[in-house]
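What follows is the residue order along each chain.
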Amino acid sequence: MFARFRDDSFHTPGPVVAPDTDAPLNQSPARVLRLDDGRRLSWCETGHRHGFPLIYFHSQAGSRLEAEFLHDSALAAGFRVIALDRPGIGNSDFKKMRGHSDFAPDVAALLAHLDIARAGVLGWDGGAAFALAFSHCYPEHVKFATLLAPVAGRPATRRGLSVRMLSAVVSAFVYSRHRLRGSRIEQCLARLREGLCYADRKQFDNPWIYRLLVRDATEAVRQGGRGVAQDSVLSLTDWDFEPAEITVPVDVWRGGADTLSALCHSRVLQDTLPNVSLHSVPRQGHFFFTGSAADIFRHARASLNF
């Protein structure tokens, strides 16, 4: 029988509050793996403790804490969600990454540490490219890939700046923006809300979702803005892997009214990945999966063939 759990590194019990009560969320430390080069890699787990493992790659401005959105649906579908902080984000030590594939060995090290031979991968927004990069580098460890509102890479011919100059400009901007804390982060989220579709604005107005977004944004810049800046740079540059060589089945999901992940990004993946299926959720936006996670996990579960 499935046993509901919350990993202590991700959630600590607190007082029961009504959904419309503006109560603080708990801030719990992540689990930490010391890698061969001495860096810390942090992660947390949610969903079903003994379920099929699913590696979660967070958005480019988020952290491992996003996995809390998926807990209930992952639990019901029998998935063990393992969410990692990328270098410089949350509790993971920074390292310079020249491409998305540079993070893949860290993920493989964690799988070895957890004694996991094969898992699914799940990436939201900018995390989708990291999920694909791991699928390309370690196909023997990947059963399937699920991408939520993905951001596709930029062809080199469209670049107006060198990667070095682009990195400097974007890093300076993101560092100055994301070193903010507290109410200033809430002001940034308020400005973001104004550019979203109606469905996403409704999500922002949900107290539980909003509090988790604030907590997630704060955790992402725990060490400063360098990690988020690096993620933002990578989202604008070429992928350092060939998507046409990815052989695992890939499902791409997006909200039909999404204003942050353009439909053309999904079309790029449809044109380049050899084994891909597209799914659109009508009248939903970038945060569609908070309401559609059950359908996404049911589809993923069916693909496991057990």
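Residues numbered from 1 in each chain as written. Predicted model: local features only at pLDDT ≥ 70, side-chain atom pairs only at ≥ 80, totals over all residues. Heavy atoms only, no water.

Q: Residue-level account of the pairing of strand E5 (residues 119-124), with values.
A: In terms of burial, E5 is a largely internal element, six of the six residues being buried. Two strands pair when backbone bridges link them, and strand E3 (residues 52-57) and E5 are joined in this way by four bridges, in the parallel orientation. Paired with Leu54 across the two strands is Gly120, which belongs to E5. As paired elements, E5 and strand E6 (residues 142-148) share five bridges and run parallel to each other. Paired with Gly123 across the two strands is Leu147, which belongs to E6. (Buried < 20%, exposed > 50% of the residue type's maximum accessible area, 1.4 Å probe, protein only. Helix = DSSP H or I, 4+ residues; strand = E, 2+ residues; numbered from the N terminus. Pairing = 2+ DSSP bridges.)

Q: Can you lay out the side chain of Arg254 for me, pointing to particular residues and giving the numbers?
A: With respect to the element layout, Arg254 can be found in strand E7 (residues 250-255). Of the side chains bearing the opposite charge, Asp258 lies closest to the buried Arg254, which forms no salt bridge; the N-O distance is 4.8 Å. From its side chain, Arg254 meets the backbone oxygen of Ser261 in a polar contact 2.8 Å long. Setting aside anything within four residues of it in sequence, one finds Arg254 in contact with Ala149, Ser261, Ala262, Leu263, Ser266, His279, Ser280, Val281 and Phe288. (Lys, Arg positive; Asp, Glu negative; His and termini not counted. Salt bridge = Lys/Arg side-chain N within 4 Å of Asp/Glu carboxyl O. Polar contact = N/O pair within 3.5 Å; in protein donor to acceptor, adjacent residues only side chain to side chain. Contact = heavy atoms within 4.5 Å.)

Q: Could you give an account of the confidence of the model for the chain, naming the residues involved and the relevant values?
A: Across the chain, pLDDT averages 83, with 80% of residues at or above 70. Scored below 50 in pLDDT, residues 155-161 makes six contacts in the model with residues more than four places away or belonging to other chains. Taken as a whole, residues 178-183 scores under 50 in pLDDT and shows 10 contacts with residues more than four places along the chain or in a different chain. (pLDDT = per-residue confidence, 0-100.)

Q: Outline the sheet that holds E3, supporting the account with residue identities and numerical values.
A: One open sheet accounts for eight strands, arranged E1-E2-E4-E3-E5-E6-E7-E8; its pairing is mixed. Of all the strands in the sheet, just strand E1 (31-34) and strand E8 (276-281) have a single pairing partner and so form its edges. Here the strands of the sheet are splayed against their neighbours by 25 degrees on average, with no regard to which way each runs. Inspection of the sheet shows E3 paired to strand E4 (residues 79-84) by six bridges, in the parallel sense. Counted as the bridge partner of Ile55 is Ile82 from E4. Along the sheet, helix H2 (residues 104-113) makes contact with E1, strand E2 (40-47), E3 and E4, crossing E2 at roughly 60 degrees. In the packing of helix H9 (residues 263-272) onto the sheet, the strands contacted are E6, E7 and E8, and the crossing angle to E8 comes to about 160 degrees. (Axes fitted to C-alpha atoms, helices over the stretch in contact; angles between N-to-C directions.)

Q: Please provide a residue-by-residue account of the pattern of salt bridges, values included.
A: Summed over the entire model, instances satisfying the criterion amount to 13 salt bridges. One salt bridge connects Asp37 with Arg39, and the closest N-O pair in it is separated by 2.7 Å. Accessibility expressed as a relative area gives 11% for Arg39, which makes it buried. Here Asp295 makes a salt bridge to Arg298, at a shortest N to O gap of 2.2 Å. Taken together, the positions of Asp295 and Arg298, both in helix H10 (residues 289-303) and three residues apart, correspond to about one turn of that helix. When its relative accessible area of 39% is taken as the criterion, Asp295 is described as partly exposed. Here the residues in one salt-bridge network are Asp37, Arg39, Lys95 and Asp106, joined through shared partners.

Q: Can you tell me about helix H8 (residues 226-236), naming the residues and giving the values?
A: Along an α-helix, residues three or four positions apart point the same way, because every turn accommodates 3.6 residues. Counting buried positions along H8 yields nine of 11 residues, so the element is predominantly enclosed. Among the residues making up H8, those that are buried are Gly227, Val228, Ala229, Gln230, Asp231, Ser232, Val233, Leu234 and Ser235.

Q: An account of the pairing of E1 is requested, with residue identities and associated values reported.
A: Pairing of E1 with E2 involves four bridges; the strand directions are antiparallel. Within E2, the position partnered with Val32 by the bridge is Ser42. In this antiparallel pair of consecutive strands, E1 and E2, the connection spans five residues, and Gly38 shows a positive phi of 95 degrees.

Q: Provide a residue-level description of the nonpolar core, including the pertinent values.
A: Counting residues in each nonpolar core, the largest one holds 38 residues, and the members touching the most others are Ile55, Phe57, Leu84, Leu132, Phe134 and Val250. Contributions of two or more residues to this core are made by E2, E3, E4, H2, E5, helix H3 (127-137), E6 and E7. Per-element tally for this core: the top contributor is H3, with seven residues. With residues near it in sequence (within four places) discarded, Ile55 still touches Ile82, Leu84, Val107, Leu111, Ala119, Gly120, Val121 and Leu122. (Core = buried A, V, L, I, M, F, W, Y, C linked by side-chain atoms within 4.5 Å.)

Q: Any details on unusual backbone geometry? Residues and values, ideally.
A: The residue Ala149 is not glycine, and still its phi comes out positive at about 45 degrees. Locating Ala149 in the fold gives a position in the loop between E6 and helix H4 (163-178).

Q: Tell me what's going on with the environment of Asp102, and back it up with residues and numbers.
A: Turning to its location among the elements, Asp102 is positioned in the loop between E4 and H2. Sequence separation of Asp102 and Phe134 is 32 residues, and the distance between their C-alpha atoms is 9.2 Å. In this structure Asp102 touches Lys95, Lys96, Met97 and Asp240, once residues within four positions along its chain are discounted.

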